[in-house]
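# Observations on the model geometry
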Amino acid sequence: AQSVTQLGSHVSVSEGALVLLRCNYSSSVPPYLFWYVQYPNQGLQLLLKYTTGATLVKGINGFEAEFKKSETSFHLTKPSAHMSDAAEYFCAVSDFGNEKLTFGTGTRLTIIP
Amino acid sequence: GAGVSQSPSNKVTEKGKDVELRCDPISGHTALYWYRQSLGQGLEFLIYFQGNSAPDKSGLPSDRFSAERTGGSVSTLTIQRTQQEDSAVYLCASSLVYRGANEKLFFGSGTQLSVL
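In this text, all values refer to a predicted model and were calculated from it rather than measured experimentally.

Before going further, it helps to examine the sheet that holds strand β3 (residues 19-26) of chain A. All names here are of chain A. Strand order in the open sheet formed by 5 strands is β1-β3-β8-β7-β6, and the pairing between neighbours is antiparallel. Of all the strands in the sheet, just β1 (3-7) and β6 (56-58) have a single pairing partner and so form its edges. The sheet shows a mean angle of 20° between the axes of neighbouring strands, taken without regard to direction. Where β3 and strand β8 (residues 73-78) come together, 4 bridges link them in antiparallel fashion. Across the sheet, residue Leu21 finds its bridge partner in β8, namely Leu76.

Right, let's talk about the sheet that holds strand β8 (residues 75-79) of chain B for a bit. All names here are of chain B. Within the open sheet, the 4 strands sit side by side as β1-β3-β8-β7. Their pairing is antiparallel. Across the chains shown, the open sheet's two edge strands, defined by having one partner strand only, are β1 (5-7) and β7 (65-69). With direction set aside, neighbouring strand axes in the sheet form an average angle of 15°. Sheet topology note: the β7/β8 ladder contains 5 bridges and is antiparallel. Within the sheet, the bridge partner assigned to Phe65 lies in β8 and is Ile79.

This part is about the pattern of salt bridges. Residue and element names in this part refer to chain B. On inspection of all chains with the given rule, the structure shows 6 salt bridges over all chains. Ionic pairing is found between Asp24 and Arg22, a salt bridge with its closest N-O pair at 2.8 Å. Judged by its relative accessible area of 23%, Asp24 falls in the partly exposed class. For Arg22, a relative accessible area of 38% gives the class partly exposed.

Before going further, it helps to spend a moment on unusual backbone geometry. Going from B:Ser7 to B:Pro8, the amide bond is cis rather than trans, its omega being -10°. Mapped onto the elements of the fold, B:Pro8 is located in the loop between β1 and β2 (10-13). A positive phi is found at A:Asn41, a non-glycine position, where the angle reads about 60°. One can find A:Asn41 in the loop between β4 (31-38) and β5 (45-50). At B:Arg81, a residue that is not glycine, the phi angle is positive and equals roughly 50°. Along the chain, the position of B:Arg81 falls in the loop between β8 and β9 (88-95). On the basis of relative accessibility, which here comes to 42%, the residue B:Arg81 falls in the partly exposed class.

Contacts between the two partners involve 19 residues from chain A, matched on the other side by 23 residues from chain B. Linking chain A with chain B are 0 salt bridges. Counting every contact that joins chain A to chain B gives 3 residue pairs in polar contact (both at pLDDT 80 or more). Within the residue set of the side of chain A that touches chain B, elements represented by two or more residues are β4, β5 and β9 (87-95) of chain A. The greatest single-element share of the side of chain A that touches chain B, amounting to 4 residues, is contributed by β4(A). Of the residues assigned to the side of chain A that touches chain B, the class counts are 8 nonpolar, 8 polar and 3 charged.

Right, let's get into the environment of A:Ile111. Residue and element names in this part refer to chain A. In this fold, Ile111 is placed in strand β11 (residues 107-112). Classification of Ile111 by relative accessible area gives buried; the value is 6%. Residues contacting Ile111, with those up to four places away along its chain left out, are Val13, Ser14, Glu15, Ala81, His82, Met83, Asp85 and Ala86.

Conventions we followed
Residues numbered from 1 in each chain as written. Chains lettered and ligands numbered in written order. Predicted model: local features only at pLDDT ≥ 70, side-chain atom pairs only at ≥ 80, totals over all residues. Heavy atoms only, no water. Pairing = 2+ DSSP bridges. Helix = DSSP H or I, 4+ residues; strand = E, 2+ residues; numbered from the N terminus. Axes fitted to C-alpha atoms, helices over the stretch in contact; angles between N-to-C directions. Salt bridge = Lys/Arg side-chain N within 4 Å of Asp/Glu carboxyl O. Buried < 20%, exposed > 50% of the residue type's maximum accessible area, 1.4 Å probe, protein only. Contact = heavy atoms within 4.5 Å. Polar contact = N/O pair within 3.5 Å; in protein donor to acceptor, adjacent residues only side chain to side chain. Nonpolar A, V, L, I, M, F, W, Y, C, P; charged D, E, K, R; others polar.

This is the structure in structure tokens:
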């Protein structure tokens, strides 16, 4: 069965500092990996996804994530945090051919001015 | 419509009552998903539809929960004899093509259910 672990339910970073949100997955087959973001009072939206090919994936708003098979990780990063990045971030995994997307418990990102 | 629409946005009910939650997916989207978001629990998969059929109902918590989809469009999630532990945000999402989870999910804003 597939599963996702997000380390740190709350992360705070200073404006302009590096953002690093951690995600580890468990899957018995090559996974599809996703990051979704939920801004305050808005619905979830896709930030980026990895399916096949290049392991470094770039998403919206300057975020990127790298699929590391050996570490079963898909950490989300952004070089310089902006106040508008404050939101809740969810990592998700799906097995090829499986419609069910399994989400992690989320990480709430706070940006300190 | 422009996005996934869910109604009502908020529902307060008494324990033991039945509730119906509605989801209008993006026009043309064949796949529709229901998730439940509880505080500190992340998103819990409930059920998904391909067209009007539900290949995977494994996430429904109990037989008090049921869902249907008609005309390949609107879906209704019904909770019978609601319990306090049913209180959560119920999210609906749709995607364009049933082709593995390669496709981007579009989420609605959810229905906040409170069971008193």
